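# Commentary on secondary and tertiary structure
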Amino acid sequence: MVFDWKKYSDLIRQTAAGGCVLLKNDDGALPLRKDETVSIFGRIQMEYYNAGAGSGGMVNVPYISDIPDALRNSGVVSINEELFEKYAAWKKENPFDNGTGSWATEPYCQKEMPLTKDDVDGARKVSETAIIIIGRLAGEDKDALPEAGSYYLQPEEEEMLSLVCAAFPRTVVLLNVGGIMDMSWVKKYNPSSVMYLWQGGMEGGNAAADVLCGKVSPSGHLADTIAEKLEDYPAHENYGDEKADVYAEDIYVGYRYFESAAKDKVLYPFGWGLSYTDFDISCDRAVCIGDPKAGPQQISFSFTVKNIGKTAGRSVVQLYVKPPSGKLQKPAMVLAGFAKTPELSPGGSCEALILVDKERLASYDDDGRTGNRACFVLEAGEYEFFAGENVRDARSIYSLTVEKTAVAEQCESALMPVAGFERMCIDPAGDIAYERVPVRDYDIGERIEREKPGDALPYSGDRGLKLKDAFSGKCSVDEFLAQLSDEDLICMTRMEGVYSPRCTPGTVGAFGGVTDSLQSFGIPAVCCTDGPSGIRMDDGSMAYSLPSGTLMACSFDTKLVEELYAYEGLELRMNHIEALLGPGINIHRYPLNGRNFEYFSEDPYLTGVMAAAQLHGMARAGATGTVKHFAANNQEKSRTRLNSVVSERALREIYLKPFEIAVKKGGAYSIMSTYGALNGTYTAGNSDLLTVVLRDQWHFDGAVMTDWWAMVNDELSDGEAAMKNAGAMIRAQGDLYSVHRNSESNTGEDDIAEWLGKGLITRAYLVRSAKNILSFIRQSALMTEGEPISGEINRPEYDGRDKNRKIDLALQSPPPGCE
């Protein structure tokens, strides 16, 4: 097949438009009027931020569409060229500031052109509509700051808003940002319209113009709550500490907190988003599968959505549940499901179906107060369901009563804090109190001993068996691995970095067959590289830039995201890359996290199903993603040594849940741990996390890698965390240390051989990790046999390398049940 690059760019454009969130639109200021001339203010109009900073945005793009050009080409409006030329002339004297060019040195915003009243009055003579564009950047190793020019407006931006809003009858403010920012200025300056564009990838400017001109009606909805003040977010008091980040707000993250105890502190609620039309949403039926009195297995909701306005558009049906507050206190509202409609013409309607499994209704008991410790339970009481287009305006549609507390899932206590702290509790009246969290009361040493693998087959030497023989059933995987020496097995746990000659030039990692000896057994080298917003290739090769995670979550469109990532998967395959290092699925716990642009939402369910959609899409092309950062990576400041202190309940319900969905629903078979510690143990060597929860409870079948040059500590000693402590990583069932310059030379100076020599681990541990790595290879397209389909690398507007290379580009149909 010949790859359809036009279709790929169209999908990027559709996704970017679908995630735009219209917060305000007084008197129908948008869409723009046919044939009008608009005046565009703000220097970022010429330098659209397609992605955030750091590894998540390091894509060499063939082009980035900007908003002025897109409006010029719209066929709907023209722009004030005289004003544009003023900005262009000023830009020559004030070029784009990229910092020093090194990691995380980019400024949070660009210097803004000062405006005079004469500038604005002159533009007003040409236009009745003004567009103001404000841009922000944050990213990896670069949390946003509670300062002007980052979370808050610059003085020059305040002056621009003041002058322009006073002069123009219609002022539209567009926010080209990675995450939410302070919005208190909306009330102060009262612009006609405000819309979050987010960071829309290389087609972001074109997508913005599509929405502005009315070719697409905005259908994005907020994936985060926007509060009046930064101090209103419940994580505010603890965020930013350099040593320990205590999650005292517990399960009350985002709307779970605000809808329970602080409704009056919300400017724009979770799920908020306006359209150019109006919809009526009615629930036709709710069918409970199983005995509702004993706890239903599933509830099926059917809705009719009708466009009752005058413009075509799409709606998002959002379904929430209000669980009973019993022995476990619970949030007032929890997202239970959602459905995005196709485009509906005026008067048109469609059916929307939402299925809610019992797990969506369950709460985790981490101290046994319900009589079911370490269980997800449906407590006795009324479960009331609400539906609408945001959490605040949702209407009651159905309720069921569970007569007796039922266990939805039996787990095993894991990842409990080792030191106590006070966590937030909120009662049904909205009153806040604090209680002591339960702490670890099991012996971690005994648990680690319990998880010790059984004996491996003894070293047999080379018997002529190849990996394909193990995969075809000619021999067992154990028999195949018995041929590998201890040194071979150790080398297999060392990922090589960007300089590895064994993978696509410019990519960031190779694992599996990273030595000649390993490759002689038929073990291929796996190539992985950064995402999630496109393919990073540091040799200068170009790739397409995709919209940010936040934008995709705001689209609430899993089908479109899956289709987009099917093409992303094909692009990976074209470049002989097996795994994208993404999606990032940590939680938007606090607005200042620099990597919020990579992550999806404050809601774990929305995050998880978006991740699953990306994984399903890439899987259709024979590629995959590495979900990250496992787990509780919600602050970039001091990230390599930060200890996240979290209750087990908050972990189970909020911070682990997206990863659980990615594994169970998305079929994830590659996971990356974090840099820092979780309840005292660095995640790269945390046996509760990597073995008990991930493999024993979730039945994960794949490989776990560290983040690049992560530190590891030994859970059974008081030694300092260090990069060399890979022995502890292997014992915990982390499989790959990222990264070594050369695996065979042990350039990272890891201590695996030392641990093996001292008997702290055995050969069986190395075999276990090798099996996990081979499981990744087995599930990838690396071992696919048969005649490949010819694919042509012929990207528009740039020369791709290795044109006409033979590659297997068979795009599979979506797997059943993944919609």
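Residues numbered from 1 in each chain as written. Predicted model: local features only at pLDDT ≥ 70, side-chain atom pairs only at ≥ 80, totals over all residues. Heavy atoms only, no water.

### A look at the overall build of the protein
The cut-off we apply is this: Only runs of H or I of at least four residues qualify as helices and only runs of E of at least two qualify as strands under DSSP, and these elements are numbered from the N terminus. We compute the radius of gyration from the C-alpha atoms alone; for a globule the expected value is 2.2 Å times N to the 0.38, where N is the number of residues. Each residue is placed in one exposure class: buried if its accessible area under a 1.4 Å probe, protein chains only, is under 20% of its type's maximum, exposed if it is over 50%, and partly exposed if it falls in between. For this analysis, residues touch if any pair of their heavy atoms sits within 4.5 Å. Per-residue and other accessible areas were derived by the Shrake-Rupley procedure at a 1.4 Å probe size, with only the shown protein chains allowed to occlude residues.
Along its length, the protein carries 22 helices and 33 strands. On C-alpha atoms alone, the protein measures out to a radius of gyration of 27 Å, which is about the 28 Å that the 2.2 N^0.38 rule sets for 819 residues. Dimensions of the protein, computed from C-alpha atoms along their principal axes, come out at roughly 85 × 65 × 50 Å. Burial statistics for the protein: of 819 residues in total, 65% are counted as buried. The long-range share in the protein, meaning contacts at least 24 apart out of those at least 6 apart in sequence, stands at 77%. Carbon and sulfur atoms make up 47% of the accessible area of the protein, which totals about 28400 Å².

### Some details on the nonpolar core
Note the following rule: Think of a nonpolar core as a cluster: buried Ala, Val, Leu, Ile, Met, Phe, Trp, Tyr and Cys residues, connected wherever their side-chain atoms sit within 4.5 Å.
One finds Phe-41, Leu-71, Met-183 and Tyr-196 to be the most contacted residues of the largest nonpolar core, which totals 251 residues. Apart from residues no more than four positions distant in its own chain, Phe-41 is found in contact with Leu-83, Tyr-87, Leu-115, Val-120, Ala-123, Ala-130, Ile-131, Ile-132, Ile-133, Met-160, Val-164 and Phe-168.

### Brief notes about the sheet that holds strand β4 (residues 129–135)
This is how the line gets drawn: Strands qualify as paired when DSSP identifies two bridges or more between them. As a rule, the C-alpha atoms of each element are fitted with a line to give its axis, helices using only the stretch in contact, and angles between N-to-C directions run from 0 to 180 degrees.
Across the sheet, six strands lie side by side as β1-β6-β5-β4-β2-β3; this open sheet has mixed pairing. The open sheet has two edge strands, β1 (21–25) and β3 (78–79), and neither has a second partner. Here helix α5 (residues 155–167) sits on the sheet in contact with β2 (37–41), β4 and β5 (170–176), set at roughly 170° to β4.

### Focus: the packing of helix α4 (residues 117–124) against α5
We count it as follows: Throughout, a crossing is termed right-handed when the near helix is turned clockwise from the far one, and left-handed when it is turned anticlockwise from it by less than a right angle. Following the grouping adopted for this structure description, the nonpolar residues are Ala, Val, Leu, Ile, Met, Phe, Trp, Tyr, Cys and Pro, the charged ones are Asp, Glu, Lys and Arg, and the polar ones are all others, Gly among them.
One can describe the packing of α4 onto α5 by two numbers: an axis separation of 10 Å at closest approach and a directional angle of 35°. The interaxial crossing formed by α4 with α5 has right-handed handedness. Together, Lys-117, Val-120, Asp-121 and Arg-124 of α4 and Leu-163, Val-164 and Ala-167 of α5 make up the contact between the two elements. Broken down by class, the residue content of the contact of α4 with α5 amounts to four nonpolar, no polar and three charged.

### Some points on the sheet that holds strand β12 (residues 316–322)
The four strands lie next to each other as β13-β12-β17-β18, forming an open sheet whose pairing is antiparallel. The open sheet terminates on both sides in strands that have one partner only, identified here as β13 (334–340) and β18 (395–402). The sheet shows a mean angle of 20° between the axes of neighbouring strands, direction not considered. Where β12 lies against strand β17 (residues 381–388), five bridges are found, and the strand directions are antiparallel. Note that in β17 the partner of Val-321 across the bridge is Phe-385.

### Digging into the environment of Met-46
Its location among the elements puts Met-46 in the loop between β2 and α2 (67–72). Put simply, Met-46 and Asp-66 are 20 residues apart on the chain and 6.4 Å apart in space, counted from C-alpha to C-alpha.

### Section: the side chain of Arg-620
Selection criterion: Contacts described as polar in this section are N or O atom pairs within 3.5 Å, which, within protein, must combine one atom able to donate a hydrogen with one able to accept it, while residues neighboring in sequence count only if both atoms come from side chains.
Assignment of secondary structure puts Arg-620 in helix α16 (residues 604–620). Within polar-contact distance, the side chain of Arg-620 engages the side chain of Glu-562 at 3.1 Å.

### Re the confidence of the model for the protein
Condition: For every residue, the predictor states its confidence as a pLDDT score lying anywhere from 0 to 100.
Considering every residue of the protein, the mean pLDDT works out to 94; 95% of them sit at 70 or more. The model gives residues 785–810 a pLDDT under 50, and that stretch makes 64 contacts with residues more than four places away or in other chains. Here residues 812–819 is a poorly scored stretch, pLDDT under 50, and it has 11 contacts once near neighbours within four places are set aside; other chains count.

### Brief notes about the packing of aromatic side chains
Any two aromatic rings considered together are summarised by their centre-to-centre distance and by the angle between their planes. Applicable threshold: Ring pairs are drawn from Phe, Tyr and Trp, using the six-membered ring of Trp, whenever the two centres fall within 6.5 Å, and their geometry is named by plane angle: stacked under 30 degrees, edge-to-face over 60, tilted for the rest. Lysine NZ or arginine CZ positioned within 6 Å of the ring centre and within 35 degrees of the ring normal marks a charge as sitting over the ring.
Enumeration over the complete set of coordinates arrives at 32 aromatic pairs. Ring centres 5.4 Å apart and planes at 65° place the aromatic pair Phe-3 and Tyr-567 in the edge-to-face group. A residue pair is termed long-range when its members are at least 10 positions apart, and Phe-3 in the segment before α1 (5–18) and Tyr-567 in helix α15 (residues 558–574) qualify at 564 residues. Residues Phe-511 and Phe-776 carry aromatic rings whose centres are separated by 5.2 Å and whose planes lie at 75° to one another, so their mutual orientation is edge-to-face. With Phe-511 in strand β23 (residues 509–512) and Phe-776 in helix α22 (residues 763–779), this residue pair connects regions lying 265 residues apart in the sequence. The residues Phe-511 and Phe-776 share a single accessibility class, namely buried. Linked through ring pairs, Tyr-255, Phe-270, Tyr-320, Phe-338, Phe-556 and Tyr-605 together constitute an aromatic cluster. Looking at Arg-72, its charged tip hangs above the ring of Phe-84, at a distance of 4.4 Å from the centre. In this structure, Lys-142 packs its charged tip against the face of Tyr-108, placed 4.1 Å from the ring centre.

### Regarding the packing of helix α17 (residues 648–655) against helix α18 (residues 657–664)
Worth spelling out the cut-off: With respect to orientation, any angle under 35 degrees is reported as roughly parallel, any angle over 145 as roughly antiparallel, any angle of 65 to 115 as roughly perpendicular, and every other angle as oblique.
Close contact between α17 and α18 brings their axes to 5 Å; oriented N to C, the two are set at 50°. As far as their axial angle goes, α18 and α17 are oblique. The residues of α18 that touch α17, namely those facing Leu-651, Arg-652, Glu-653, Ile-654 and Tyr-655, are Lys-657, Pro-658 and Phe-659. Per-class residue counts for the contact of α17 with α18 are five nonpolar, no polar and three charged.

### Structural notes on the pattern of salt bridges
Going by this rule: Salt bridge, as used here: a side-chain nitrogen of Lys or Arg that lies within 4 Å of a carboxyl oxygen of Asp or Glu.
In this structure the tally under the stated criterion is 57 salt bridges. Asp-210 is the partner of Arg-13 in a salt bridge, and the nearest nitrogen-oxygen pair spans 2.8 Å. Note that Arg-13 is positioned in helix α1 and Asp-210 in helix α7 (residues 204–212), a separation of 197 residues in sequence. In this structure, Arg-450 and Glu-451 form a salt bridge, with 2.8 Å as the shortest nitrogen-oxygen distance. The exposure class assigned to Arg-450 is partly exposed, which follows from its relative accessible area of 44%. Of the residues examined, Glu-451 reaches a relative accessible area of 18% and is grouped as buried. A single network of salt bridges, built from pairs that share partners, joins Glu-140, Asp-141, Arg-595, Glu-598, Lys-628, Glu-636 and Arg-639.

### Here we look at α22
Put simply, the rule is: In this scheme, a helix's expected span is set at 1.5 Å multiplied by one less than its residue total.
The terminal C-alpha atoms of α22, which comprises 17 residues, lie 24 Å apart, in line with the 24 Å expected from a rise of 1.5 Å per residue. Most of α22 sits out of view: 14 of its 17 residues are buried.

### Examining the side chain of Gln-733
Its location among the elements puts Gln-733 in the loop between α20 (726–732) and β33 (737–740). Within polar-contact distance, the side chain of Gln-733 engages the side chain of Arg-695 at 3.2 Å. Residues in contact with Gln-733, not counting those within four places in the same chain, are Leu-690, Thr-691, Arg-695, Val-704, Arg-768 and Asn-772.

### A look at unusual backbone geometry
Residue Pro-583 is bonded to the preceding Gly-582 through a cis peptide linkage, with omega at 10°. Counting through the fold element by element, Pro-583 comes out in the loop between β25 (579–581) and α16. For the bond running from Lys-628 to His-629, omega is -5°, close enough to zero to count as cis. Secondary-structure assignment places His-629 in strand β27 (residues 627–630). With a phi close to 50°, Phe-556 is a non-glycine residue in the positive phi region. By secondary structure assignment, the location of Phe-556 is in the loop between α14 (549–555) and α15. Assessed through its relative accessible area of 1%, Phe-556 is described here as buried.

### A word on the environment of Trp-198
Looking at where Trp-198 falls in the secondary structure, it is placed in the loop between β6 (193–196) and α7. Residue Trp-198 is classed as buried on the basis of its relative accessible area, which comes to 1%. A sequence separation of 148 residues divides Trp-198 from Asn-50, and the C-alpha atoms of the two residues are 8.6 Å apart.

### So, α16
Because the α-helix completes a turn every 3.6 residues, residues three or four places apart line up on one side. Taking 1.5 Å of rise per residue, 17 residues should cover 24 Å, and α16 covers 24 Å from first to last C-alpha, within 8% of that figure. Across the 17 residues that make up α16, a large majority, 16, are buried. Two to three positions downstream of the cap, the backbone nitrogen of Tyr-605 sits 3.1 Å from a side-chain oxygen, assigning the N-cap of α16 to Asp-603. Of the residues one or two after α16, Gly-622 is the one with positive phi, at around 85°.

### As for the environment of Ser-769
In this fold, Ser-769 is placed in helix α22. Since its relative accessible area comes to 0%, Ser-769 is described here as buried. Sequence-wise, Ser-769 and Arg-731 are 38 residues apart; in three dimensions their C-alpha atoms are separated by 9.3 Å. Setting aside anything within four residues of it in sequence, one finds Ser-769 in contact with Thr-493, Ile-730, Gly-734 and Asp-735. For Ser-769, the side chain forms a polar contact with the side chain of Asp-735, separated by 3.0 Å.

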